[in-house]
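Here is how the chains run, residue by residue.
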Amino acid sequence: MAKSIKSGKYVYFFGGGKADGNESMKNLLGGKGANLAEMAGHPKLKLPVPPGFTVTTEVCTYYYDNKKSYPKTLKAEVEESIKKIEKLSGKKFGDIKNPLLFSVRSGARRSMPGMMDTVLNIGLNENTIKGLIAQSGDERFAFDAYRRLIMMYADVVMEKAAGIEIKGKGIRKVLDEKLENIKKKKGYKNDTELTVTELKALVKDFKKTVKTVLGKDFPEDPLQQLWGGIGAVFGSWNGKRAREYRIIEKIPDDWGTAVNVQAMVFGNMGEDSCTGVAFTRNPGTGENKFYGEYLVNAQGEDVVAGTRTPAPVNEYSKNAQSKHLIALEKLMPSLYKELFSYQKRLEQHYKDMQDIEFTIEKGTLYMLQCRVGKRNGIASVRMATEMHLEKLIDANTAIMRVGPNQLVELLLPMIDPKAEGTNTIIAKGLPAGPGGARGRVVFDTKDAVTWAEKGEKVILVREETSPEDVDGMHKSQAILTTKGGMTSHAALVARGWGKCCIVGCGDIEIHENTKTFHSKNGKIIKEGDWVTLNGTKGFVYEGSLPLVDIDLDKNQSYKDLMKLVDRVKVIGVRTNAETPEDAAHAMKFGAEGIGLFRTEHMFYGEGSEQPLFLLRKMIVSKTESERRTALNELFKYVKKDVKDTMKIMKGYPVTIRLLDPPLHEFVPHDANKLHHLSKELGISMSVLRRRVLALHENNPMLGHRGVRLGVSYPEITEMQVRAIFEATAEMLKAGKKAYPEIMIPVTCTVNELSHQKIIVDRVYKEVCEKMKIKKIPYLYGSMIETPRAAIRAELMANVADFFSYGTNDLTQMSFGFSRDDIGGFLPKYMDLKILPYDPFQTIDQDGVGELVKVGIERGRKAKPNLKVGICGEHGGDAESVKFFHRLGMNYVSCSPFRVPIARLAAAQAALEFPRK
């Protein structure tokens, strides 16, 4: 039995100053359909939009729910809308004398540039082409439109939508090669140079090839073409590239896409026609300047495909590749003025930067699309803050306008200026994606994916990218193309992801047969060779150049945004730190304390040799007396590390986790170090080896670690706590602020907390007496990382002043997954939708999140003012931060680099989910 549709209306018409829908109906009409309706029908706009209609997203859902069939009344609604278009245009679909042609495009509620299919010039056949020639007076144009239809239709409808898998080259590649062979034979650079005779022969050859390769004739019936196009767009929603893009962008599968059918207007009707893409502000920098590109005598696909170098719409849009080309404002000044006024009106209307597509046909301007423009993080922050200063949007809108993960791009490393100054640029292109990146060259998307999965850093080098390359693009460190402009596919997708990207790099020539590229200065770069890209300037360097962090103090837009953020956010943001240097780094990013200071990391890295030796000495000691001797020697190092960190934090709370890892992790395996240790302890190597062997555990992550060490060896807890209290007391006596929080790890019962609290209280009293100080402010708390601790939180809160959820281990113990070994099965789980996402990156709200929720509720039942935070990696994940805000947490803690992301996510959470 067929599943029904909610609304009962399947087709929404727009055109002639009227529209059935509007911009608010994106869920039903998709972004493109809703904006076409808005542009065509809103009383304050009524722009020159070619008439058309939108088949709703509900039909897409119906299509998949009902074995790829349509609602019974859909055909009648489509035919009724065609009649309306015919009336407005004065043309008739399928008519021999005055044919109406259609474009068929996708349109999901959120922009998925190039991920789904488009077919142009629907309605052309051996008969209607005669009418198109009569209409236009241009036989060459008509056959150019016809060959485009055959190429697109054969590829999109007859091969992909039909599910035909061809061994070797697909039909589009075969037809493209035929076109390129003619151009090569004739010495043509551009498609526009083909003569009408050559195009006629090409159309004939294309049809014959389609029959040979696909086993079917290209359809002559216009209605068959139209319904084939509609079905293909719906089919492309579940195409490989669309699915991959949805996974990357976290777009739900059940949204579906709408289909937009629109009367064709032609930018390829000669030198007085063109097509272009433009942005109301620069999408690469955020500057408030109209920016765009266009091609004379072309159709829309030519601009984004990057097969021809597009010209700038104005002087501002000129770049190294287009500086010699005539700007639209000079070529067609009156039409540019009209376009400029429309883009101004659109930005004022939508109150956001717009990405617009336009076509000029024989001196008449048409607006084909507008949508919120993709932008990189740098541009996003600048636009949001400048629009707020311009009073176009309010502060809350400015905060919500920037995606938290976009801030990563502001923190992206750049090439070390010293290294860049001493290395020679081997090629220059257009700077389409900011930051610096280095990697090994690959020329194929599959290779990019394979190499990246093996842990290699790769840079994907292509003549041009297509939607088929999306997985390889995402897995690469950066993208380099020889063709295309700032509105090409590679530029649009990279900009949306904030990925380093250089396009239109004509200084290099790719040799696919040898898997090399040759630069103009004679350099030959082979597959696997290292190159470094400066995506901010468009420079390519040979080799692997060092990268350095960017200075946020010089970014005024970022500072303006963070001022707005800090006025709004409720939940605090701290950092996880391993060294005093980490703490200093996090302070620059706006951290409000340390939520997790891992004392054990003083035993690694620079200056760690002596403290690590003393720790090892303590570990392999056999008696308490031996252990205390080693701990007394270690004490000054721990105290200095704690004190240095608290100095940097200037009175902000510092949560210090007592020693957590299993002791065997610190034991040396090097023979020389073992000899040194045995000599220091005055024992033989055989005795030492027996002691080391005794530390071995089958499952150390669930073994003798965390609080269990403090219970077994109370002197370990005593030494650390004494170091913390003495460091704090010394700072207080020196007139400096310090506020430590002592955190006990891996607890599962209140009895562990009580046992350790007795030690803490005794040492506290001893230090106060020794330092002659009345009070040392501090908190005593527990890391909640076992399910039992979360469930027994009411009892734990009777002893603890605070809880800090260690969501890494809590996730590990709740799922029964080892986070070090999930690579073997988790990707499959996500592919099969067994799990929607990686629970170690985004908190599992239904399971682990429920444990956190229960723990907070029970803890605060016992102690209403219980402070609660989180110190797992989830503290830097935007969606997780919003969840923790809703649970009423006091703070989140994350790595220094992700502090700005957490701050913005916290502010957005406060606006989306106001606390009572």
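Shown above is the structure to which this text applies.
The structure reproduced in this document is the subject of the present report. (Residues numbered from 1 in each chain as written. Predicted model: local features only at pLDDT ≥ 70, side-chain atom pairs only at ≥ 80, totals over all residues. Heavy atoms only, no water.)

Details of the overall build of the protein
Turning to step 1, where the next piece is worked out: Summing up its helical and strand segments, the protein has 35 helices and 34 strands in all.
Turning to step 2, where the next piece is worked out: Since a compact globule built from 916 residues should have a radius of gyration of about 29 Å, the 32 Å found for the protein is in line with a globular shape.
Turning to step 3, where the next piece is worked out: Seen through its C-alpha atoms, the protein measures out along the principal axes to roughly 105 × 60 × 55 Å.
Turning to step 4, where the next piece is worked out: Within the protein, residue pairs in contact and separated by at least 24 positions form 69% of the contacts whose partners lie at least 6 positions apart.
Turning to step 5, where the next piece is worked out: As displayed, the protein offers around 38600 Å² of accessible surface, 51% of which is attributable to carbon and sulfur atoms. (Helix = DSSP H or I, 4+ residues; strand = E, 2+ residues; numbered from the N terminus. Rg over C-alpha atoms; globule rule 2.2 N^0.38 Å. Contact = heavy atoms within 4.5 Å. Areas by Shrake-Rupley, 256 points an atom, 1.4 Å probe, with all protein chains shown as cover.)

Quick notes on the nonpolar core
Soluble, globular proteins show a tendency: their nonpolar side chains are buried together.
Turning to step 1, where the next piece is worked out: If you look at the biggest cluster of nonpolar residues, it comprises 213 residues, and the most contacted ones within it are Leu226, Phe725, Ile742 and Tyr805.
Turning to step 2, where the next piece is worked out: In terms of residue count, the dominant contributor to this core is helix H5 (residues 139–161) (14 residues).
Turning to step 3, where the next piece is worked out: Apart from the residues lying within four places of it in its own chain, the contact partners of Tyr805 are Ile784, Leu810, Leu851, Val852, Gly855, Ile856, Val868, Gly869, Ile870, Cys871, Gly872 and Met889.
Turning to step 4, where the next piece is worked out: Formed by 28 residues, the second largest nonpolar core is a distinct cluster that contains Phe14, Leu36, Tyr342 and Cys370. (Core = buried A, V, L, I, M, F, W, Y, C linked by side-chain atoms within 4.5 Å. Buried < 20%, exposed > 50% of the residue type's maximum accessible area, 1.4 Å probe, protein only.)

Considering the packing of helix H4 (residues 128–136) against H5
Turning to step 1, where the next piece is worked out: Two numbers describe how H4 lies on H5: the axes approach to 8 Å, and their chain directions differ by 140°. Between H4 and H5, the angle is such that the two are oblique. For H4 against H5, the interelement crossing comes out right-handed. Residues Ile129, Leu132, Ile133 and Ser136 of H4 form the contact with H5, whose own contacting residues are Glu139, Phe141, Ala142, Phe143, Ala145 and Tyr146. (Axes fitted to C-alpha atoms, helices over the stretch in contact; angles between N-to-C directions. Parallel < 35°, antiparallel > 145°, perpendicular 65-115°, else oblique. Left-handed = near helix turned anticlockwise from the far one by under 90°.)

Concerning the packing of aromatic side chains
Turning to step 1, where the next piece is worked out: In the structure shown here, the tally under the stated rule is 23 aromatic pairs.
Turning to step 2, where the next piece is worked out: Between Tyr146 and Phe218, the ring centres sit 6.4 Å apart and the planes meet at 65°, which makes this aromatic pair edge-to-face. Residue Tyr146 is located in helix H5, and its partner Phe218 is located in the loop between helix H7 (196–214) and helix H8 (222–236); the two are separated by 72 residues in the primary sequence. Considered together, Tyr146 and Phe218 belong to a single accessibility category, that of buried residues.
Turning to step 3, where the next piece is worked out: Among the aromatic side chains, those forming a connected cluster through ring pairs are Tyr63, Tyr64, Tyr70, Trp227 and Phe234.
Turning to step 4, where the next piece is worked out: Taking NZ or CZ as reference, Arg574 lies 3.8 Å from the ring centre of Tyr891, over its face. (Phe/Tyr/Trp six-rings, centres within 6.5 Å; stacked < 30°, edge-to-face > 60°. Lys NZ or Arg CZ within 6 Å of the ring centre and 35° of its normal.)

Side note on the side chain of Glu361
Turning to step 1, where the next piece is worked out: You can see Glu361 is positioned in strand S12 (residues 354–361).
Turning to step 2, where the next piece is worked out: Comment: no salt bridge for buried Glu361; closest opposite-charge side chain is Lys91, at 5.2 Å.
Turning to step 3, where the next piece is worked out: Among the polar contacts listed, one links the side chain of Glu361 to the backbone nitrogen of Phe266, at a separation of 2.7 Å. (Lys, Arg positive; Asp, Glu negative; His and termini not counted. Salt bridge = Lys/Arg side-chain N within 4 Å of Asp/Glu carboxyl O. Polar contact = N/O pair within 3.5 Å; in protein donor to acceptor, adjacent residues only side chain to side chain.)

What about the sheet that holds S12?
Turning to step 1, where the next piece is worked out: Strands sit in the order S11-S10-S9-S12-S13 across an open sheet of 5 strands; the sheet is antiparallel. The sheet terminates laterally at strand S11 (311–312) and strand S13 (364–372), the two strands that pair on one side only.
Turning to step 2, where the next piece is worked out: Relative to S12, strand S9 (residues 274–279) runs antiparallel, the two being bridged by 6 bridges. Paired with Phe279 across the two strands is Asp355, which belongs to S12.
Turning to step 3, where the next piece is worked out: Packed onto the sheet, helix H12 (residues 333–350) meets S12 and S13 and runs at close to 25° relative to S13. (Pairing = 2+ DSSP bridges.)

Some details on the pairing of strand S30 (residues 739–744)
Turning to step 1, where the next piece is worked out: Among the 6 residues of S30, 5 are classified as buried, and the element is accordingly described as predominantly covered.
Turning to step 2, where the next piece is worked out: Where strand S29 (residues 653–657) meets S30, 5 bridges bridge the pair, whose relative direction is parallel. Across the sheet, the residue bridging to Pro653 is Tyr739, located in S30.
Turning to step 3, where the next piece is worked out: Summarising the sheet, S30 and strand S31 (residues 779–784) pair through 4 bridges and their orientation is parallel. When the bridges of S31 are listed, Glu741 appears paired with Leu779.
Turning to step 4, where the next piece is worked out: Following the chain from S30 across helix H28 (residues 750–771) to the adjacent parallel S31, one finds a crossover that is right-handed. (Right-handed = clockwise from strand over helix to strand, strands pointing away.)

A look at the sheet that holds strand S21 (residues 508–511)
Turning to step 1, where the next piece is worked out: Taken together, 3 strands build an open sheet; the order of strands is S21-S22-S23 and the sheet is antiparallel. The open sheet has two free edges, formed respectively by S21 and strand S23 (524–526), since each of these has just one partner strand. Neighbour-to-neighbour, the strand axes of this sheet turn through a mean angle of 20°, independent of strand direction.
Turning to step 2, where the next piece is worked out: Sheet analysis places strand S22 (residues 516–519) next to S23, joined by 3 bridges and oriented antiparallel. Paired with Thr516 across the bridge in S23 is Lys526.

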